[in-house]
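One letter stands for each residue in the lines below.
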Amino acid sequence: GAGVSQSPSNKVTEKGKDVELRCDPISGHTALYWYRQSLGQGLEFLIYFQGNSAPDKSGLPSDRFSAERTGGSVSTLTIQRTQQEDSAVYLCASSVGLAGVGDTQYFGPGTRLTVL
Amino acid sequence: AQSVTQLGSHVSVSEGALVLLRCNYSSSVPPYLFWYVQYPNQGLQLLLKYTTGATLVKGINGFEAEFKKSETSFHLTKPSAHMSDAAEYFCAVSENTGNQFYFGTGTSLTVIP
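Just so it is clear, the structure is predicted and the values come from calculations on it, not from any experiment.

## Here's the deal with the overall build of chain B
Phase 1 of the analysis: Counting its regular elements, chain B contains zero helices and twelve strands.
Phase 2 of the analysis: If you list the helices and strands of chain B from N to C, you get β-β-β-β-β-β-β-β-β-β-β-β.
Phase 3 of the analysis: On the principal axes, the C-alpha backbone points of chain B span a range of 45 × 25 × 20 Å.
Phase 4 of the analysis: Taken across its 113 residues, chain B has 45% of its residues classed as buried.
Phase 5 of the analysis: Of the contacts made within chain B by residues no fewer than 6 positions apart, 56% connect residues no fewer than 24 positions apart.
Phase 6 of the analysis: When the accessible surface of chain B is totalled, it reaches about 5300 Å², and 52% of it is carbon and sulfur.
Phase 7 of the analysis: Computing the positive centroid from 6 side-chain charges and the negative centroid from 7, chain B places the two 6 Å apart.

Here is the structure:
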């Protein structure tokens, strides 16, 4: 079946502009995670959604970052007033359930964001 | 707090040689353990995972890992490296008291012909 998809695959923007990154999870997966992968770094947790519960936003680095998940499916990560340090690959992952039950995460190909 | 340490950000092995990628974790409760692989210009994909039961776990492409509670380790091995194994490998941990995954910083594997 279809995997996790993300769009755009690449995004180049100017400092100070807003960007929106989209994630389509696997159908039926209730959990959705966003991560940031900077060059030479591991995956930095940003936010997760589980069903209709309030999202865990504890990983968002600043109030310029926000995310929503509409209808329990598609998610959008928004970065306002982008800064050069926001340049990274943004990864989305979905799973049937949450990490607490050992479910496997399935990752999308990522969006490479470059802030000039 | 949960943490994952991958010793060696870069590992080089000769084709046909043993692959050993190290992962140590800290957890106050029984962990769930994962290895993911990221091939060049591709997304992360699951290699193998440990949740419960047998501590030696076999994954795709001939990889396996063993959960050693006493050593808090989950090292990844493959008896004979292939050129196609060149990739970035990430160890990850979750636990049944939380809802997050914690990833190591990754190990880049180079296979020398």
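## Some remarks on the interface of chain A and chain B
Phase 1 of the analysis: In this complex, chain A contributes 23 residues to the contact, which on the side of chain B involves 20 residues.
Phase 2 of the analysis: Counting the surface lost from both chain A and chain B, the interface buries some 1600 Å², and carbon and sulfur atoms represent 56% of this.
Phase 3 of the analysis: Between the two partners, chain A and chain B, sit three residue pairs in polar contact (both at pLDDT 80 or more).
Phase 4 of the analysis: Secondary structure elements with two or more residues in the side of chain A that touches chain B: strand 4 (31-37) and strand 5 (43-50) of chain A.
Phase 5 of the analysis: Of the residues that constitute the side of chain A that touches chain B, the class distribution is eleven nonpolar, ten polar and two charged.

## Quick word on the state of the cysteines
Phase 1 of the analysis: If you walk through the whole model with that rule in mind, you get two disulfides over all chains.
Phase 2 of the analysis: Each disulfide pairs two cysteine sulfurs, and for Cys 23 of chain A the partner residue is Cys 92 of chain A, the sulfurs being separated by 1.9 Å. The sign of the S-S torsion, about -65°, decides the handedness of the disulfide formed by Cys 23 of chain A and Cys 92 of chain A: left-handed. Within this pair, whereas Cys 23 of chain A is found in strand 3 (residues 19-24), its partner Cys 92 of chain A is found in strand 8 (residues 88-95), the two being separated by 69 residues in sequence.
Phase 3 of the analysis: The exposure class assigned to Cys 23 of chain A is buried, which follows from its relative accessible area of 0%.
Phase 4 of the analysis: Residue classification places Cys 92 of chain A among the buried residues on the basis of a relative accessible area of 0%.
Phase 5 of the analysis: Linked covalently through their sulfurs, Cys 23 of chain B and Cys 91 of chain B form a disulfide whose S-S length is 1.9 Å. Between Cys 23 of chain B and Cys 91 of chain B, the S-S torsion sits near -65°, and that sign places the bridge as left-handed. Of this pair, Cys 23 of chain B sits in the loop between strand 3 (19-21) and strand 4 (24-26) while Cys 91 of chain B is found in strand 10 (residues 87-95), placing the two residues 68 residues apart along the sequence.

## Section: the nonpolar core
Phase 1 of the analysis: Within the largest apolar cluster, 27 residues are counted, with the highest numbers of intra-cluster contacts made by Trp 35, Leu 48, Leu 76 and Tyr 89 of chain B.
Phase 2 of the analysis: Of all elements in the fold, only strand 2 (10-14), strand 3, strand 5 (31-38), strand 6 (44-50), strand 8 (64-68), strand 9 (73-78), strand 10 and strand 12 (107-112) of chain B reach the threshold of two or more residues within this core.
Phase 3 of the analysis: Those residues in contact with Leu 76 of chain B that lie beyond four places of it in its chain are Val 19, Leu 20, Leu 21, Trp 35, Leu 47, Leu 48, Phe 63, Glu 64, Ala 65 and Tyr 89 of chain B.
Phase 4 of the analysis: Grouped together as the second largest cluster of nonpolar side chains are 20 residues, Cys 23, Ile 26, Leu 32 and Ala 88 of chain A included.

## Considering the pairing of strand 2 of chain B
All names here are of chain B.
Phase 1 of the analysis: The alternating pattern of strand 2 places Val 11 and Val 13 on a buried face, while none of His 10, Ser 12 and Ser 14, on the opposite face, is buried.
Phase 2 of the analysis: By the bridge criterion, five bridges tie strand 2 to strand 12 in an arrangement that is parallel. Along strand 12, the bridge assignment pairs Ser 14 with Ile 112.

## As for the environment of Pro 40 of chain B
Residues and elements named next belong to chain B.
Phase 1 of the analysis: Relative to the assigned elements, Pro 40 resides in the loop between strand 5 and strand 6.
Phase 2 of the analysis: Judged by relative accessible area, Pro 40 falls into the exposed class, the value being 56%.
Phase 3 of the analysis: C-alpha of Pro 40 to C-alpha of Ala 86: the two residues are 46 residues apart in sequence and 8.5 Å apart in space.

## Quick word on the sheet that holds strand 6 (residues 65-69) of chain A
Residue and element names in this part refer to chain A.
Phase 1 of the analysis: Spatially, 1-3-7-6 is the arrangement adopted by the four strands of the open sheet, whose pairing is antiparallel. A strand with exactly one partner marks an edge of an open sheet, and here the two such strands are strand 1 (5-7) and strand 6. Sheet twist, expressed as the average angle between the axes of neighbouring strands with direction ignored, equals 15°.
Phase 2 of the analysis: The pairing of strand 3 with strand 7 (residues 75-79) spans five bridges and is classified as antiparallel. Across the sheet, the residue bridging to Cys 23 is Ser 75, located in strand 7.

What counts and what doesn't
- Residues numbered from 1 in each chain as written.
- Chains lettered and ligands numbered in written order.
- Predicted model: local features only at pLDDT ≥ 70, side-chain atom pairs only at ≥ 80, totals over all residues.
- Heavy atoms only, no water.
- Helix = DSSP H or I, 4+ residues; strand = E, 2+ residues; numbered from the N terminus.
- Buried < 20%, exposed > 50% of the residue type's maximum accessible area, 1.4 Å probe, protein only.
- Contact = heavy atoms within 4.5 Å.
- Areas by Shrake-Rupley, 256 points an atom, 1.4 Å probe, with all protein chains shown as cover.
- Lys, Arg positive; Asp, Glu negative; His and termini not counted.
- Charge placed at Lys NZ, Arg CZ, Asp CG, Glu CD.
- Buried area = accessible area lost by both parts, 1.4 Å probe.
- Polar contact = N/O pair within 3.5 Å; in protein donor to acceptor, adjacent residues only side chain to side chain.
- Nonpolar A, V, L, I, M, F, W, Y, C, P; charged D, E, K, R; others polar.
- Disulfide = S-S within 2.5 Å.
- Core = buried A, V, L, I, M, F, W, Y, C linked by side-chain atoms within 4.5 Å.
- Pairing = 2+ DSSP bridges.
- Axes fitted to C-alpha atoms, helices over the stretch in contact; angles between N-to-C directions.

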